[in-house]
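Reading the structure
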Amino acid sequence: MIETGPQLLIRHPNWTQKNPRQDIPIMVFTHEQWNALQNGDFSVSAAPIGPSKLGSNSVYVFALPARYNYAFQTGFEEVEEILKNNPLWPMEPK
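Notes on the structure follow. (Residues numbered from 1 in each chain as written. Predicted model: local features only at pLDDT ≥ 70, side-chain atom pairs only at ≥ 80, totals over all residues. Heavy atoms only, no water.)

Describing the pairing of strand β3 (residues 52–56)
Relative to strand β4 (residues 60–64), β3 runs antiparallel, the two sharing four bridges. Bridge pairing in β4 links S52 to L64. The antiparallel pairing of β3 with β4 creates a hairpin that spans three residues between the two strands. (Pairing = 2+ DSSP bridges. Helix = DSSP H or I, 4+ residues; strand = E, 2+ residues; numbered from the N terminus.)

See the structure below:
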């Protein structure tokens, strides 16, 4: 099964090519895709674990890729702190 979908990237305002900082990548799935992913019908990476759900609305599931921060870039601690506080509040599409 081949699936495609968007990924949003939240980048720190001080990020530069010379001094990159930890990004927050957010994968966007339909509920059908998310359920198929959870059932093992397809994979999104070679990681032995799947993405972690950040939130959802009636149309989409938003998730954080596994191993997104394994490079330990500058600011990874700040991103971890942000994510601990459930910062994503998906709105319903109009």
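Observations regarding the packing of aromatic side chains
Taken as a whole and assessed by the stated rule, the structure comprises three aromatic pairs. Consider the rings of F72 and F76, whose centres lie 5.0 Å apart with planes at 75°: the pair is edge-to-face. Relative accessible area serves as the criterion here: at 21%, F76 is assigned to the partly exposed category. The ring of W15 is capped by R11, whose NZ or CZ atom sits 3.7 Å from the centre of that ring. (Phe/Tyr/Trp six-rings, centres within 6.5 Å; stacked < 30°, edge-to-face > 60°. Buried < 20%, exposed > 50% of the residue type's maximum accessible area, 1.4 Å probe, protein only. Lys NZ or Arg CZ within 6 Å of the ring centre and 35° of its normal.)

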